[in-house]
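Fold and contact review
Letter by letter, the chains look like this.
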Amino acid sequence: MNSTNPTNTTDFDIVVDTGEQKVCLLGPYGVKRIEEEVRQLVKQKQVLPVLVGSGTKEILHTVLEAWSGPVAIVDKEEKILVQTKVFEEFGQKKNIFWVREYNASRALKKLTAWQMDHGGHPFYPLIIPAYLRIDPKYYKQVVSFLKASQQFNFWERVRYKKFANDQPRILLITSKYFLMGEVIAACKRLGIPHYLLQLEDQKLGCEKFVKDFLQAVVEFKPDFVFTINHLGVDREGILVELLERLELPLASWFVDNPHLILYMYNNLTSPWTTIFTWDADNIEELKKKGFERVYYLPLASDIFRFRPGIASKDNRWQSDISFVGNSMVAKVRSKLKKIASFQGLLNGYHKVARAFLESKKRSVNLLLKLEFPHLYKEWQRLPDIEKKLEFEAMVTWEATRIYRKLCVKEILPFSPLIVGDKGWQETFGSNDWQWHPELNYYRDLPQFYPCSKINFNCTSAQMKGAVNQRVFDVPATGSFLLTDYRYQIEDLFVPEKEVVFYRDVGEIGEMVRFYLARPEKREKIARAAYLRVKKDHTYEKRIQFLCNKMKEIYK
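Residues numbered from 1 in each chain as written. Predicted model: local features only at pLDDT ≥ 70, side-chain atom pairs only at ≥ 80, totals over all residues. Heavy atoms only, no water.

1. Details of the packing of helix α16 (residues 349-358) against helix α19 (residues 385-409)
As a reminder of what qualifies: Every angle, taken between N-to-C directions, lies between 0 and 180 degrees, and every axis is a line fitted to C-alpha atoms, over only the stretch in contact when it is a helix. Runs of H or I in DSSP of at least four residues are treated as helices and runs of E of at least two as strands, each being numbered from the N terminus. An angle counts as roughly parallel when it lies under 35 degrees, as roughly antiparallel when it exceeds 145, as roughly perpendicular when it falls between 65 and 115, and as oblique in every other case. Helix crossings are classified by the rotation of the near helix relative to the far one: an anticlockwise turn of less than a right angle makes the crossing left-handed, while a clockwise turn makes it right-handed. In what follows, residue pairs with any heavy atoms lying within 4.5 Å of each other are defined as contacts. Think of it as three bins: nonpolar holds Ala, Val, Leu, Ile, Met, Phe, Trp, Tyr, Cys and Pro, charged holds Asp, Glu, Lys and Arg, and polar takes everything else, Gly as well.
One can describe the packing of α16 onto α19 by two numbers: an axis separation of 8 Å at closest approach and a directional angle of 65°. What the angle tells us is that α16 and α19 run roughly perpendicular. Viewed along their axes, α16 and α19 form a crossing whose handedness is right-handed. Two secondary-structure elements touch here, α16 through Y349, H350, V352, A353, R354, F356 and L357 and α19 through F391, M394, V395, T396, E398, A399, R401, I402 and Y403. Class assignment of the residues belonging to the contact of α16 with α19 gives a composition of 11 nonpolar, 2 polar and 3 charged.

2. Section: the side chain of S452
The cut-off we apply is this: Accessible area is worked out with a 1.4 Å probe on protein chains only. A residue is then buried under 20% of its type maximum, exposed over 50%, and partly exposed in between.
Position of S452 relative to the elements: it lies in strand β16 (residues 452-456). For S452, a relative accessible area of 7% corresponds to the buried category. In this structure, S452 is in contact with W317, S319, D320 and S322, ignoring residues within four places of it in sequence.

3. Focus: empty space enclosed by the protein
As a reminder of what qualifies: The definitions used throughout rest on a 1 Å grid laid over the protein atoms alone, on which a cavity is an enclosed set of points accommodating a 1.4 Å probe that cannot get out and a pocket is an open set flanked by protein within 12 Å on both sides along at least five of seven lines; lining residues are those having an atom within 4 Å of a point. Grid points are joined across faces, edges and corners, and a volume is the space filled by probe spheres set on the points.
By the definition in use, this model includes 2 cavities of 30 Å³ or more. Approximately 80 Å³ is the volume attributed to the second largest cavity. Residue lining of the second largest cavity: V471, P475, S479, F480, L481, F493, E498, V499, V500, I525, A526 and A529, and that is the complete set. Mapped by element, the contributors of at least two residues to the lining of the second largest cavity are α22 (470-476) and α24 (519-536). Broken down by class, the residue content of the lining of the second largest cavity amounts to 10 nonpolar, 1 polar and 1 charged.

4. Things to note about the pairing of strand β6 (residues 123-127)
Buried residues dominate β6, accounting for 5 of its 5 residues. Covered by surrounding structure in β6 are F123, P125 and I127 together with Y124 and L126, the residues of both alternating faces.

5. Observations regarding the nonpolar core
In plain terms, the rule: Joining through side-chain atoms within 4.5 Å is the link that ties buried Ala, Val, Leu, Ile, Met, Phe, Trp, Tyr and Cys residues into a set, and such a set is a nonpolar core.
In terms of nonpolar packing, the biggest core is built from 54 residues, with V183, F224, F226, W253, F448 and F493 touching the most fellow members. Once you skip the residues sitting within four places of it in the chain, F493 turns out to touch V471, F472, E498, V499, A529, R532, V533 and H537. If you look at the next biggest cluster of nonpolar residues, it comprises 48 residues, including L126, I127, Y139 and V142.

6. Some thoughts on helix α25 (residues 539-554)
Let me state the cut-off plainly: One less than the number of residues in a helix, times 1.5 Å, gives the span that helix is expected to have.
With 16 residues, α25 extends 22 Å between its outermost C-alpha atoms, agreeing within 8% with the 22 Å of an ideal straight helix rising 1.5 Å per residue. Taken as a whole, α25 has its buried residues at Y539, E540, R542, I543, L546, C547, K549, M550, K551 and Y554.

Structure, rendered in structure tokens:
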């Protein structure tokens, strides 16, 4: 039955056809439930009613007669709206804010903006039961968000003074990413108050993340939020906009190529977002993307984990020269499988990888556009952003595979110990060298580096000017490092006194021979490098710099 009497709510249920099923919008108990919720709504002060589903015209008449303020309606069911004619009658009402987004994250973003435009008052959800059955995933996500906001009265409780103390309070969005453990340890040693928010689902609309995030902000009152590689920042920009409205700064430390991470994101630029990057070459590129504040923050070492005097007694680890790293063989193959159907690109990827290795350009798609226009057109035809990134990653990994093979081949005459995946056995066969399976970064490498007279290093192809983790960790153990030249290394260590590097693959053999024959020189350089790391390149130094910069900007 479809009643026209707005005052008698017991008779205005309606059966609608979604195309997949016929549904009673209110059901036998739904009418009474809506009646009770409307009666409770009238008793509220400074709330923002949100209907989850528009229901029937009579429902809206009842709500609007009881409530004269602004009302939001979340309803994406076009077929139902046509049958109920609700939008036809109420679509132009000035006090109704319609949210008809098919994407739940975008719907929540619109609700947040509407909330802040109306004083930031808590939501008051009015739930039409059938909608939770029509699309459970979508509407339950919306309801979770609304209830979390209602529970914490979020906006009124987060207006507190930031950076009031000497050391800031940091809300860490944590994950299993290996550097977060070092960051947490550094915070503890520096006496920096911090709150760990474990990320299990990167979507802001996830019920647990919403509740945990809001509760952490309300109870811990952080001065800023910290993440690595934008982890936890959703693609639609909900978290960035939320933080902006809170006037709560975000510090994101990129320790991987930001291009491959930010490529898939929208609406991330904000005056409340500050980017730190391990590669100084990223600064201008990130500023061109619209980020106002970008700072150089190189990697470092945990000198309490990587330290002298803990060399392993395992004879299998003893060597004149060793290399630790992935061959990239399996990684490249995994990417090849994912774009196997795009034969036009596959036929030319190896040539592009060699060109990327030799080029100063840091973006594969820019290299394609300028030097391989025919392949660039093929790349543009890929069906989505994910596939485009798969190809870019594959080219980058293939370039790294080629480079590492060339470099490591030069140390084979010295019977090296190569630690990594089985791809090395495929690459070099069973010649006069030793292979060891991959070692655990935290448990094994601090004891492994001191077992080699020379620790050999060659950087990934994507890092045109930056240095990698090994440049800090090997000296931290008091061990000797021979690495490839990257211009940023000269700002971190004194060449020839604290670090030695080869500029060309052809120099490697001669340098290995030279330093193997001069243990006193190796020891002197290793000692100087250790002192430099201890003085300037610890995670405590990095985190303190980041905290000082955030305080300088946002206090």
